[in-house]
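So you can see what is in the structure, the chains are spelled out below.
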Amino acid sequence: MKLLRVFTTALICWNTVGIIVLLWKYSEILQNGNYKSVLQSAVDIHDDIMEMGKIWPHSVPIPLVQKNTFNLKYRKFQEECLNVPDVYLTDSIRRVRIKRATDPWFPLLQDIKFNNIYWQTFVAQGCTFYVYSAYYDNREESSLGKVWIRVIAMVDTVSPPPLKCALWFKGGRSVLMSVAVTMEHMWRRAWGAVRNGTLQPYLVSCLVPDKNNGHFRLNLDSNIPDMVSLMNTTQRKPNTNLKVRYDSLPDGQNGTKKEFVVCVKGLEFPTVDLSTRLLEWVYLVRILGAQEIYFYQLDVHPRVARVLDYMQSNLLAKVIPMTLPGSQPNLPQLRNLFLHKMIGTKRLNEIIPYNDCLYRNVYRYEYVLLLDIDEVIMPLSSDSWSGLIRQVQSTIALNREKTYHPASYNVRNVYFFDDLEHDGQEMETIRKYLHMCRHVIRSSKHSKRGRYVKCFHRTSCVRALHNHYPFSCLSFCRPCTSFDVSPYMAQLQHYRRDCHDMNVTECDKQFKQIGRAHV
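Residues numbered from 1 in each chain as written. Predicted model: local features only at pLDDT ≥ 70, side-chain atom pairs only at ≥ 80, totals over all residues. Heavy atoms only, no water.

(A) The arrangement of empty space enclosed by the protein in detail. Taken as a whole and assessed by the stated rule, the structure comprises one cavity of 30 Å³ or more. In this structure, the largest cavity occupies an estimated 60 Å³ of space. Lining the largest cavity are Leu82, Asn83, Tyr118, Tyr132, Ser133, Tyr135, Arg245, Asp356 and Arg360. When contributions to the lining of the largest cavity are tallied by element, the ones reaching two or more residues are β3 (127–137) and α8 (343–360). When residues in the lining of the largest cavity are grouped by element, the largest group, three residues, is from β3. Looking at the lining of the largest cavity residue by residue, the classes come out as four nonpolar, two polar and three charged. (1 Å grid on protein atoms, 1.4 Å probe; cavity = no way out; pocket = protein on both sides within 12 Å on 5 of 7 lines; lining within 4 Å. Points joined across faces, edges and corners; volume = space filled by probe spheres on them. Helix = DSSP H or I, 4+ residues; strand = E, 2+ residues; numbered from the N terminus. Nonpolar A, V, L, I, M, F, W, Y, C, P; charged D, E, K, R; others polar.)

(B) Quick peek at the layout of surface pockets. Here the second largest pocket defines a volume of roughly 690 Å³. Every element with two or more residues in the lining of the second largest pocket is listed here: α3 (69–80), β10 (242–245), β12 (292–300), α6 (302–313) and β13 (318–321). Its residues placed into classes, the lining of the second largest pocket shows ten nonpolar, four polar and nine charged.

(C) How the structure looks around the state of the cysteines. Enumeration according to the criterion identifies four disulfides in this entry. The disulfide partner of Cys473 is Cys480, and the S-S distance across this bridge is 1.9 Å. What sets the handedness of the Cys473 and Cys480 disulfide is the S-S torsion sign, and at about 55° it is right-handed. Residue Cys473 is classed as buried on the basis of its relative accessible area of 1%. (Disulfide = S-S within 2.5 Å. Buried < 20%, exposed > 50% of the residue type's maximum accessible area, 1.4 Å probe, protein only.)

(D) Molecular detail of the pattern of salt bridges. Per the stated rule, a full pass over the model turns up 15 salt bridges. Here Arg364 ties to Glu292 by a salt bridge, and the two come within 3.2 Å at their closest N and O atoms. Taken together, the residues span a long stretch of sequence, with Arg364 in the loop between α8 and β14 (365–370) and Glu292 in strand β12 at a distance of 72 residues. Using a relative accessible area of 10% as the deciding quantity, one classes Glu292 as buried. Three or more residues are tied together by salt bridges with common partners; here these are Lys265, Arg347, Glu350, Asp372, Glu375 and Lys454. (Salt bridge = Lys/Arg side-chain N within 4 Å of Asp/Glu carboxyl O.)

(E) Structural view of the pairing of strand β15 (residues 375–379). In terms of burial, β15 is largely enclosed, as five of its five residues are buried. Burial along β15 is two-sided: Glu375, Ile377 and Pro379 and Val376 and Met378, pointing in opposite directions, are all buried. In this sheet, strand β23 (residues 490–496) lies alongside β15 in antiparallel orientation, the contact comprising five bridges. Residue Glu375 lies in a different strand from β23, and its bridge partner there is His494. (Pairing = 2+ DSSP bridges.)

(F) Layout of the side chain of Asn83. Mapped onto the elements of the fold, Asn83 is located in the loop between α3 and β1 (114–115). You can call Asn83 buried: its relative accessible area is 7%. For Asn83, the side chain forms a polar contact with the main-chain oxygen of Tyr118, separated by 2.9 Å. At 2.9 Å, the side chain of Asn83 and the backbone oxygen of Tyr132 are in polar contact. Contacts of Asn83, omitting those with residues within four sequence positions, involve Tyr118, Trp119, Gln120, Val131, Tyr132, Asn241, Leu242 and Lys243. (Polar contact = N/O pair within 3.5 Å; in protein donor to acceptor, adjacent residues only side chain to side chain. Contact = heavy atoms within 4.5 Å.)

(G) Structural view of the packing of aromatic side chains. Counted under the stated rule, the structure contains 18 aromatic pairs. Between Trp119 and Tyr132 the ring centres are 4.9 Å apart and the planes differ by 45°, which places this aromatic pair in the tilted class. With a gap of 13 residues between them, Trp119 in strand β2 (residues 119–124) and Tyr132 in strand β3 connect regions that are remote in the sequence. Exposure remark for Trp119: the relative accessible area of 1% places this residue in the buried category. Look at Phe260 and Tyr367: their rings are 5.7 Å apart centre to centre, the planes differ by 25°, and that puts the pair in the stacked class. Pair noted here: Phe260 is in strand β11 (residues 258–269) and Tyr367 is in strand β14, with a separation of 107 residues, a long-range link. Just as Phe260 is buried, Tyr367 falls in that class too. (Phe/Tyr/Trp six-rings, centres within 6.5 Å; stacked < 30°, edge-to-face > 60°.)

Written as structure tokens, this is what we have:
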């Protein structure tokens, strides 16, 4: 046996030396600059290695390239664990010793209560919170000296109890308790579905203590926390720990924001193939001026999923997977049935991706647009969104006071019904699957002012978003208003089978008087 082990070791060493020689030959080719023969040489090397395997079939295979497994693991972690702090990737994380009796314990991974993959949950005075994401917001620092951590959450009550925020620095080794917490209900009672037991969208704001304040004694290099934990006021061991995102300007933009980012709420049509419609829509909004598109994905048809993968791999869009929190169903067919029957609940859930997308882009873009894939804001007196914005700002400057700075510019809705396809000769050159290009006949009436509008939201002003309007604004952007763009300057072209919230007879009577589109 001893002799056999020696012989086997010798064979392995011989095989290793052989592979090293082959790799040396390959590197010599590269150094000599004879690139035309590189591919053939690689094939020859592969054949030589295979021959070695035939001669010594029991030799241990040795990989030609040692992969950096930690980098791969880190990248995969960031892709899948959207709100979980990176600190949990390290094996050295331990329970941090508290310095004061009032400080909370740093939560270990096993302390966090996860819910439906992308949510974290905790209970405060009988109310259940589901937290989704957290963002650093310093837009009020220059005017009021205030810096906030914004936490986007759902709560199963209309009147949640007070909370406290633990702001973690230095990888969890230092903690500050937030000196003030506000909770903003991102919904109106008049819109319905406001009742205990139905999950409600909230924006929880934790004030970061001033570095010059006497409470700020941690000798920190930055006032940007790594993580935040929301807790009951009497709790010392938190069950949540969200990564605090600060998506600042990328390198190379020289401190200048880009103009337009488009956000699309949770895509949810598991059995309907809208892949060609989706591609047409993406390229159209990019032609008009969208520089980035965010899709939040619940569940889609396999063909649509492939289109989204293609667009993400080609940097045409970003796709963010998400689920419904709490006891709401997440099996695709059951969730689809649930959301179609519970329209009010569906609208409440949509507030989460809208505001998550806003806070991802407050430092990177001037305007956020919340659009569905069956609608597009079409400029009528210019050829792009940039030109439209310049016209709107000129109109405001001529007709309003200098102190008037609206938080958004809203564009009125007009319908392009599916059964109003134009069949003239000019359509013969347009492919049948290009739905929007072939539907150029619109309703002669726009929706009433303020009904079903979509907006260009100014990221420098808006604090919380609703589908159609800014919900609330920062303190220096008051009043929180939206400017009504003239339908002669732009219109929200809505490609639908029927009208919103209206029976067929009433829809036909009011909106199916046709007119030619301004496209």
